[in-house]
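Analysis of the macromolecular model
Chain by chain, the residues:
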Amino acid sequence: MADEIKKEAPVAFKVTIDNITIDVAPGTTILNAARQIGGDVTPPAMCYYSKLEGSGGKCRSCLVEVAAGSTADSRPMPKLMASCRTTVMDGMIVKNMTSEKVIDARNGVVEFLLINHPLDCPICDQAGECHLQDLGYKHGVESTRYEFKRRTFEKEDIGPFIQLHMTRCILCYRCTYIADQITDKRVHGILDRGDHAEISTYISKAIDNDFSGNMIDVCPVGALTDKTFRFKNRVWFTKPVDAHRNCENPKCCGKATLWLRGDEVYRVTSRKDEWGEVQSYNGQVGWICNTCRFEKKKTNDWTIEGLTTISRHSVIGANKYATLEMPIDTIKKVLHGRDPKLLMNIHNVSGVNNPNIHLSEIDRSSQMEDFVKSNDFIKGEGESTQWGLPKE
Amino acid sequence: MGVKLLLEKAHVVGIRTYEVYRREGGYRSVEKALKMATTYVVEEVKKSGLRGRGGAGFPTGLKWNFIAKTEGVPRHLVVNADESEPGTFKDRYLMEFIPHILIEGMIVSSYALGSNVSYIYIRGEYAWIVDILEQAIAEAKLNGFLGKNILGTGFDCEIYVHRGAGAYICGEETALIESLEGKRGNPRIKPPFPAVKGVWGRPTVVNNVETIAAIVSIINNGGDEYAKIGIGKSTGTKLMSACGNINKPGVYEIDMTISVEEFIYSDEYCGGMANGKKLKACIPGGSSVPILPANLLLTTAKGEKRLMNYESLSDGGFTTGSMMGSGGFIILNEDQCVVKHTYTLARFYRHESCGQCSPCREGTGWMEKILLNIENGKAKLSDIDLLWDIQRKIEGNTICPLGDAAAWPVAAAIRHFRDEFEWHVKNPEACLTSNYGLAHYADPIHIPVLT
């Protein structure tokens, strides 16, 4: 009997990620095991999408160090492994944030992803909910070492609802997987190869099917954005609420997030979980149809359930929480009864702002000496008004 | 005169045709192997110590052992004839001159692996070789060595030639499989390995042309006999395609006991440097392996003579050694500029990157741009360090070995020829018209005395 039990595969594998041990089901990837722990232990994922079969392994931002392969074979793996596509073994020891090699490689990946990125966040609709922004904040550097012209592509129109910005694309392939897996026929794909590879429809064909809008939801960057929401608002100014409607389309789950400003529906997306992925309901992924997404833009089309819970640390989370803690003590109280005031009236020390000298009277380009020479410097607080002007 | 197993009969008049090939002793191995048990054939290959000739040098017998033998699931043998590595042209020579040796080896290997349908994935540029191979397949079929019930043993085998469309990346085995299936040639993420899930999800073995051709003599003479040729773990013979500034560029069969010096200077092989120039550097195994300066090429860091085999060429790791690779022996003389040469390679890898994973897609293009600047004297000294940092971040972090292949030549060039790079930066005018020359690259290396 005892022998028989030994032969059976263990029900759970023990895996240690950044010194935190967890039991996971056999066949789980390192990334999903780390997601079960949560927090900083979770490697970032730009191309992996748990709801899309075959995705992952491409962006290399989820690389981790495997310090010990398993209990049976405790040798470390020679290369950094893509955690989204490596399944755990019993007794595996993984280093993510605790490995310098991983941090170094990840910084490299972020740099590679950004060298040809236009960095047009100020005019990008994805800004605020962009995974590349998050990755850049966490692992990027302030300046670039890339001194060449950034890559550009010819603009392509892929239909009335979706805007394609190829320059922002990081080639995660998610949109091709979604077209393969939830729509009947894929009409777009990757053309060319290497650094000139691009998402395209080959002969400028519109992507036209009921579920094409989900491409926008899975896109980690601003390469695919909603044309009906284009330049309408910044995502952090809109208020997300959960809502549902009885959709006629049998494949559509009818559960969505409405992004409101006042009573106006600016945008409709599917509901996302904490990893930025579309939520599942009873094992069914909550994709929504294009009618719900692009055409139902009135509040009376929907039954609103309530505010969407989103991470309060996200950009979108800013100013969204009524329960946001405000300091009880005023500054006056903190300063023991003193009123707050500027530490220095800059007009008193800056000669340039001295109004007794008229620039028009200087017959060449003005220099510091012109101001220093004059004895009109006004000193002392009592002598001047708030603006540094002499008292009449 | 070294032992010749593959090219022995290559220049017999009419060897391309079945009649002459058969008269010269061809297809004996098929007759012999099909009488043996399949495990016995695999055992012979294991005994021979044959290592993959495509570049990685993985033991072939071991690879064959890994193939999953699930009942009822067909298995496949795929021959990788997508020889696209710059400097490598050995398979082309073999297929062009004696195509039947490949077909013969494939029948034996297919039998050993249990593959009833085998493929030759050939690069599209070898258009005329496709005709030669198809002719050979038709002749073999006509004479009962292919098709149903071969030689009355009940073993069926068909061979199809599949033409690639000119992508270097399709020489990587999983990209080759994708391409063979009719998809975009993107490398797959391993695991699963092809031995478990290959062509159409079936167990597949992908072998190089030369590896499969070597099977013929292993079966004919026995694995033990084959293992006697060569040194240590480098058994058998290896085809080297030599090119560059030498007197006799071409394909040579070597038995891996000769020294690099002999290979370059003896009349039997390369015939010395052309025009009396001096040897400056060499890439011993196809464009993706590290380049070595003349002094490190001829002697190892320990001061021993470097031999033409897997172990000796990789002696000293990447710090002072290189790799056997696919056998593309590229020789540079004192007139060649290493910077320009590295730029050319970087341009190649940028163009051939599939664009699937970010470090390779973005990094190869970045390296090419910096190298072009250095070559044209428009760079800063810090660019050399930047280049080093970029290659370091590509290497090992990509899905397939193309990322490593793009990083290694750049790394080796900076490691061994850094002063030539610096000369380019410091002499922006001179580097456009003149050359850094041989410099100290052929000087005897300082060997630390071991106490």
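Bear in mind the structure is a predicted one, so any value in this text is a computation, not a measurement.

**A word on the overall build of chain B**
What chain B contains, in helices and strands, is 19 helices and 12 strands. On C-alpha atoms alone, chain B measures out to a radius of gyration of 22 Å, which is about the 22 Å that the 2.2 N^0.38 rule sets for 451 residues. For chain B, the spread of C-alpha atoms along the principal axes amounts to about 75 × 45 × 45 Å. A buried classification covers 55% of the 451 residues belonging to chain B.

**Thoughts on the overall build of chain A**
What chain A contains, in helices and strands, is 10 helices and 15 strands. Out of the 392 residues belonging to chain A, those deemed buried represent 34%. Considering only residue pairs separated by 6 or more positions, chain A has 61% of its internal contacts joining residues 24 or more positions apart.

**Description of the sheet that holds strand β10 (residues 239-244) of chain A**
Within a sheet, neighbouring strands are paired by backbone hydrogen bonds and run either parallel or antiparallel to one another. All names here are of chain A. One open sheet holds the 4 strands; their spatial order is β12-β11-β10-β15, and the pairing between them is antiparallel. In the strand order of this sheet, the two ends are held by β12 (264-270) and β15 (303-307), each with one partner. Sheet twist, expressed as the mean angle between neighbouring strand axes with direction ignored, is 35°.

**What to know about the sheet that holds strand β1 (residues 13-17) of chain A**
Residues and elements named next belong to chain A. Reading across the sheet, the 5 strands line up as β2-β1-β5-β3-β4 and stay open at both edges, with mixed pairing between neighbours. The open sheet terminates on both sides in strands that have one partner only, identified here as β2 (20-24) and β4 (81-82). For β1 and β2, the ladder comprises 5 bridges, and the chain directions are antiparallel. Looking across to β2, one finds that Lys14 is bridged to Asp23. Seen against the sheet, helix α2 (residues 30-37) touches β1, β2, β3 (63-68) and β5 (92-95) and runs at an angle of roughly 115° to β2.

**Re the interface of chain A and chain B**
Each side of the interface is counted separately: chain A has 26 residues, and chain B has 23 residues. The dominant element in the side of chain A that touches chain B, judged by the number of residues it contributes, is helix α3 (residues 100-115) of chain A, at 6 residues. Split by residue class, the side of chain A that touches chain B holds 15 nonpolar, 4 polar and 7 charged.

**Concerning unusual backbone geometry**
In the segment running from Lys190 of chain B into Pro191 of chain B, the intervening peptide bond is cis, with an omega of -10°. Counting through the fold element by element, Pro191 of chain B comes out in the loop between α8 (173-180) and β5 (204-208). Geometrically, the link from Pro191 of chain B to Pro192 of chain B is a cis peptide bond, its omega value of 5° lying close to zero. The topology assignment puts Pro192 of chain B in the loop between α8 and β5. The phi angle at Tyr173 of chain A is positive, at roughly 70°, despite the residue not being glycine. Structurally, Tyr173 of chain A is set in the loop between β6 (162-164) and α5 (174-182).

**Focus: the nonpolar core**
Of all hydrophobic cores here, the largest spans 196 residues; its most connected members are Val79, Leu94 and Val108 of chain B. A per-element tally of this core places helix α18 (residues 402-426) of chain B first, with 11 residues.

**Overview of α8 of chain B**
Counting buried positions along α8 of chain B yields 8 of 8 residues, so the element is predominantly enclosed. The secondary structure elements touched by the buried residues of α8 of chain B are β1 (75-81), β2 (115-122), β4 (155-163) and β5 of chain B.

**Re the environment of Asn427 of chain B**
All names here are of chain B. Residue placement: Asn427 occurs in the loop between α18 and α19 (430-433). Judged by the 14 C-beta atoms lying within 10 Å of it, Asn427 falls in the partly exposed class. Sequence separation between Asn427 and Asn376 is 51 residues; the distance between their C-alpha atoms is 10.0 Å.

**Concerning the pairing of β4 of chain B**
Working note: regular strand, side chains alternate between the two faces of the sheet. Residues and elements named next belong to chain B. Both β2 and β4 contribute to a ladder of 6 bridges, which runs parallel. Bridging across to β4, Ile120 finds its partner in Val161. By the bridge criterion, 2 bridges tie strand β3 (residues 147-150) to β4 in an arrangement that is antiparallel. What sits directly across from Gly147, in β4, is Cys157. Between β3 and β4, which pair antiparallel one after the other, the connecting turn spans 4 residues, and Leu151 there sits at a positive phi close to 50°.

**A word on the domain arrangement of chain B**
Residues and elements named next belong to chain B. Along its sequence, chain B is carved into domain 1 (18-228), domain 2 (234-333) and domain 3 (338-433). Taking only C-alpha atoms, the centre of domain 1 and the centre of domain 2 are 27 Å apart. Contact with domain 1, which involves 20 residues of that partner, is made by 18 residues of domain 2. Secondary-structure elements contributing two or more residues to the side of domain 1 that touches domain 2 are α5 (90-97), α9 (209-221) and α10 (223-228). Of the residues forming the side of domain 1 that touches domain 2, the biggest block, 3 residues, is contributed by α5. Its residues placed into classes, the side of domain 1 that touches domain 2 shows 8 nonpolar, 7 polar and 5 charged.

**Focus: the packing of helix α6 (residues 99-113) of chain B against helix α7 (residues 127-142) of chain B**
Residues and elements named next belong to chain B. Two numbers describe how α6 lies on α7: the axes approach to 9 Å, and their chain directions differ by 55°. Accordingly, the angle class assigned to the pair α6 and α7 is oblique. Taken as a pair, α6 and α7 cross one another with a handedness that is right-handed. Where α6 approaches α7, its residues Pro99, His100 and Ile103 are matched on the opposing element by Ile132, Leu133, Ala136, Ile137 and Ala140. When its residues are assigned to classes, the contact of α6 with α7 shows 7 nonpolar, 1 polar and no charged.

**Some thoughts on the environment of Glu352 of chain B**
Relative to the assigned elements, Glu352 of chain B resides in helix α15 (residues 338-352). Sequence separation between Glu352 of chain B and Ile169 of chain B is 183 residues; the distance between their C-alpha atoms is 6.4 Å. With near-sequence residues (within four places) excluded, Glu352 of chain B lies in contact with Gly194 of chain A together with Ala167, Tyr168 and Ile169 of chain B.

**Examining α6 of chain B**
Residue and element names in this part refer to chain B. For α6, built from 15 residues, the straight-helix expectation of 21 Å at 1.5 Å per residue is met to within 8% by its first-to-last C-alpha distance of 21 Å. In terms of burial, α6 is a largely internal element, 15 of the 15 residues being buried. Just downstream of α6 lies Gly114, where phi reads positive at about 80°.

**A closer look at the pairing of β1 of chain A**
Residue and element names in this part refer to chain A. With burial as the criterion, only one face of β1 is covered, namely that bearing Phe13, Val15 and Ile17; the residues Lys14 and Thr16 on the opposite face remain uncovered. Count of turn residues in the β1/β2 antiparallel hairpin: 2 residues, of which Asp18 carries a positive phi of about 50°. Here β1 runs beside β5; their pairing, made up of 3 bridges, is parallel. By the bridge assignment, Thr16 is partnered in β5 with Ile93.

**A word on the packing of α5 of chain B against α9 of chain B**
Residues and elements named next belong to chain B. Their axes nearest at 9 Å, the elements α5 and α9 cross at an angle of 50°. When the axis of α5 is compared with that of α9, the two are oblique. Of the residues in α9, those in contact with Lys90, Asp91, Leu94 and Met95 of α5 are Val209, Glu210 and Ala213.

Criteria and thresholds
- Residues numbered from 1 in each chain as written.
- Chains lettered and ligands numbered in written order.
- Predicted model: local features only at pLDDT ≥ 70, side-chain atom pairs only at ≥ 80, totals over all residues.
- Helix = DSSP H or I, 4+ residues; strand = E, 2+ residues; numbered from the N terminus.
- Rg over C-alpha atoms; globule rule 2.2 N^0.38 Å.
- Buried ≥ 20, exposed ≤ 12 C-beta atoms within 10 Å, placed from the backbone.
- Contact = placed C-beta atoms within 7 Å.
- Pairing = 2+ DSSP bridges.
- Axes fitted to C-alpha atoms, helices over the stretch in contact; angles between N-to-C directions.
- Nonpolar A, V, L, I, M, F, W, Y, C, P; charged D, E, K, R; others polar.
- Core = buried A, V, L, I, M, F, W, Y, C linked by C-beta atoms within 7 Å.
- Domains from an automatic or database assignment.
- Parallel < 35°, antiparallel > 145°, perpendicular 65-115°, else oblique.
- Left-handed = near helix turned anticlockwise from the far one by under 90°.
- Expected span 1.5 Å × (residues − 1).

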